[in-house]
Structures are given as structure tokens and as C-alpha cells.
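Results of the structural survey
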Amino acid sequence: MLRKFLLVLMIGIIFNICDVSAMDIGKNCYLINNNQLCIAEDEYINLVNLGYSETEIANLSMEEYEENRNLKADLVSKKVSYYYGNMEVDEEEYNEIQEKSNITPFALIETPGKKMTTTISSVNGKYRYKVSVEWKTMPKVRSHDIIAIGLEPTKVQYSTNRTFNMNYCASKTNCTNSNSATFKNTITGLGAVFQLPTDSIMSLNMYLYYDVNKKADKVTSMNAYGDYSHAVKSTTSILANCYNVSNRIILPESIISNYDEINTSVATWTGNW
């Protein structure tokens, strides 16, 4: 009885030290993420092929990990766009712009910088559209923002797996995942309205994805139109949900001045489907 107790105690200590789940025993961890998930190398590669960034994989929840870990995917298109305020800049400008923040015109820009990435992945006979937004510096206005991906309705249609997630961190060891959002499905795309955190935070990123089915008999090209509208004035959820999705987020005149306006980030695929 004593030996059995000691064995159970030792196993408990091992789990405590490693802080990984029982199903991970004997598994070769390529990395252990911030939610203590043991992610194997092949799973990591698969997640990258589904459009997940390093930051997103580092903060992936157990539920989403289980839904995606075994999917066999190929990343077939990726578009990365950089912005300061309403201006699209190149990567070099984006990385250097903090040093120029006291120089006109950058000093006049109220909206911090953000990076938007749109991807198309082939997975299980379908395609997945995904858009990610990562903030370079934290936005001052924290209201109801909109993230969306437009599609070409003569070629494809929404299928399944609409997913929104926002991750924000108050410190390196204090991070929160939130999937709270209001979705809007249309024949020309899908979007989500969500509330930015009002806490004091050091990092902020969010993403949206969904799968599409083929609508035309034959598809030889397609575009995924990633877009994001950040509220620069306080806006209610009801007003924010008045938007529409096409090849961009379309805002009604009544609230268009409440949001910034950036170019879409368009991922383009060509092939034979």
C-alpha cells in the first residue's frame, strides 16, 4: 500500500513539474505553449499550414488545438500587410516607424500600428480562409471592432468552422483567450464584432477563420479579402453590427467616421479545384 502511494505521489510530482496532461506522456514535445499544451513537430507544422502564427500557436487553447492538431493542411496563399493609421506601409517602414514617431506625418497619426495577415489553406478537400491582426502598440480607444473575410460568391460559399479568437496579455505570464464575438454570415463573406479589452495590456492579437466549399463546377482562382475596422470613437455593439462584408468591410454612413479605414489584405490562389 505504501509503495502504491509513493508511486502515485511521484507521478503527481512529475505531472506538476512538467505541467502537461496525461495524454502527453511519452510524446515528443516540439514546444509547450502558454496553456501547457505539448505540441509535436508535425502538429506544429500542420498549424502553420493552417495559417497560425507563432504567437497564435503559443496561446492556442486546448479546445482549438484538439480541433486542428490532426488536420492535414497545405498553406497555398499568404498576404501580409502593415498599417499605421489609415496608411499602408511596407515592412521596413513598419519596423522603423516607432523611431520616426516624432516626425510629421507620423506624429499626427492617432491609431497605433498593426499587421494583418490573410491566408488560404487547403485542408480535407476544402479551403480555409483566415485573417489575423497583431497590434504593434496598444490602441487607445477600446470599443467594438470588426474583423472579416470576404469571398467570391460565384466561386465558393461558407461551409463550416467559423472561429474567432482574441488573445491579450497583461504580462508574459498573464494572458487571456476570448472567443466572445457576434458573427455575421453573408453570401459574400463572414465577419465578427467584438469588444476590445479595457485592461492595461502589453500585447493584443485576434483572428477569424472559416472553411469554404466549391460553388462553381470548376474553380481555377480565388481571393480571400481580409479586412479589419478599428473603432477610433466609442461605438455600441448594435451600431457596429450594421456593417456588411464583401471584398471589404462596408460601414453605413452613420458610423463610418467612428472607424479607421485601411486597405484589405488579399490572399490569392490559382490552381485547379
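Residues numbered from 1 in each chain as written. Predicted model: local features only at pLDDT ≥ 70, side-chain atom pairs only at ≥ 80, totals over all residues. Heavy atoms only, no water.

The helix and strand inventory of the protein stands at six helices and 17 strands. In the protein, which comprises 273 residues, the share counted as buried stands at 45%. A sequence separation of at least 24 residues applies to 73% of the contacts in the protein between residues at least 6 apart. If you sum the accessible surface of the protein, you get close to 14,100 Å²; carbon and sulfur atoms cover 50% of it. (Helix = DSSP H or I, 4+ residues; strand = E, 2+ residues; numbered from the N terminus. Buried < 20%, exposed > 50% of the residue type's maximum accessible area, 1.4 Å probe, protein only. Contact = heavy atoms within 4.5 Å. Areas by Shrake-Rupley, 256 points an atom, 1.4 Å probe, with all protein chains shown as cover.)

The tally for this structure, following the rule as stated, stands at six salt bridges. Between D260 and K114 there is a salt bridge; the shortest N-O distance is 2.9 Å. Highlighted residues: D260 in the loop between β16 (249-250) and β17 (265-270) and K114 in strand β5 (residues 113-123), separated in sequence by 146 residues. Since its relative accessible area comes to 1%, K114 is described here as buried. Among the ionic pairs, K155 bridges to E152, the shortest N-O distance being 3.4 Å. (Salt bridge = Lys/Arg side-chain N within 4 Å of Asp/Glu carboxyl O.)

A word on the packing of aromatic side chains. Enumeration according to the criterion identifies 13 aromatic pairs in this entry. Geometrically, the ring pair formed by Y127 and W269 is tilted, given 5.2 Å between the ring centres and 50° between the ring planes. Remark: W269 occurs in strand β17 and Y127 occurs in strand β6 (residues 126-135); sequence separation between them is 142 residues. Each member of the pair Y127 and W269 is classed as buried. An aromatic cluster is defined as three or more aromatic residues linked by ring pairs; in this entry it consists of W135, F164, F194 and Y228. Looking at K184, its charged tip hangs above the ring of Y243, at a distance of 4.5 Å from the centre. (Phe/Tyr/Trp six-rings, centres within 6.5 Å; stacked < 30°, edge-to-face > 60°. Lys NZ or Arg CZ within 6 Å of the ring centre and 35° of its normal.)

The subject of this paragraph is the sheet that holds strand β7 (residues 144-150). Sheets are built from strands that pair by backbone hydrogen bonding, the pairs being arranged parallel or antiparallel. If you trace the five strands from one edge of the open sheet to the other, you get β11-β12-β7-β14-β17, paired in antiparallel fashion. The open sheet has two edge strands, β11 (182-186) and β17, and neither has a second partner. The average angle at which neighbouring strand axes cross in this sheet is 10°, direction not considered. (Pairing = 2+ DSSP bridges. Axes fitted to C-alpha atoms, helices over the stretch in contact; angles between N-to-C directions.)

Attention now moves to the state of the cysteines. Scanning the entire structure with this criterion turns up two disulfides. With a sulfur-sulfur separation of 1.9 Å, C29 is cross-linked through a disulfide to C38. Judged by the torsion about the S-S bond (-110°), the C29/C38 disulfide is left-handed. The class of C38 is buried, set by a relative accessible area of 1%. (Disulfide = S-S within 2.5 Å.)

Taken residue by residue, the protein gives an average pLDDT of 88. The fraction at 70 or more is 85%. Overall, residues 2-18 carries pLDDT values under 50, and its contacts beyond four positions in sequence, including any with other chains, amount to five contacts. The low-confidence segment residues 102-110, where pLDDT is below 50, has nine contacts with residues more than four positions distant or belonging to other chains. (pLDDT = per-residue confidence, 0-100.)

Let's shift gears to unusual backbone geometry. The general pattern is negative phi for most residues beyond glycine and trans for most peptide bonds. Even without being a glycine, Q36 presents a positive backbone phi close to 65°. Within the fold, Q36 resides in the loop between β1 (31-32) and β2 (38-39). Positive phi, close to 65°, is recorded for N161, a residue that is not glycine. Along the chain, the position of N161 falls in the loop between β8 (156-158) and β9 (163-171). Owing to a relative accessible area of 38%, N161 belongs among the partly exposed residues under this scheme.

Here the focus is the pairing of β6. In regular strands, side chains alternate between the two faces of the sheet. The element β6 is extensively covered by neighbouring structure, given that eight of its 10 residues are classed as buried. In terms of strand pairing, β5 meets β6 through 10 bridges, oriented antiparallel. From the neighbouring strand, K115 faces β6, where its bridge partner is E134. In the sheet, β6 pairs with strand β13 (residues 203-214) via eight bridges, with the strands oriented antiparallel. When the sheet's bridge partners are listed, V131 is paired in β13 with L208.

Moving on, we get to the nonpolar core. Core analysis: the largest hydrophobic core is formed by 34 residues, its most contacted members being Y129, I147, L204, M206 and Y228. Elements with a minimum of two residues in this core: β5, β6, β7, β9, β12 (189-195), β13, β14 (221-229) and β17. Judged by nonpolar contacts, the second largest core, of 14 residues, contains Y44, Y65, V123 and Y209. (Core = buried A, V, L, I, M, F, W, Y, C linked by side-chain atoms within 4.5 Å.)

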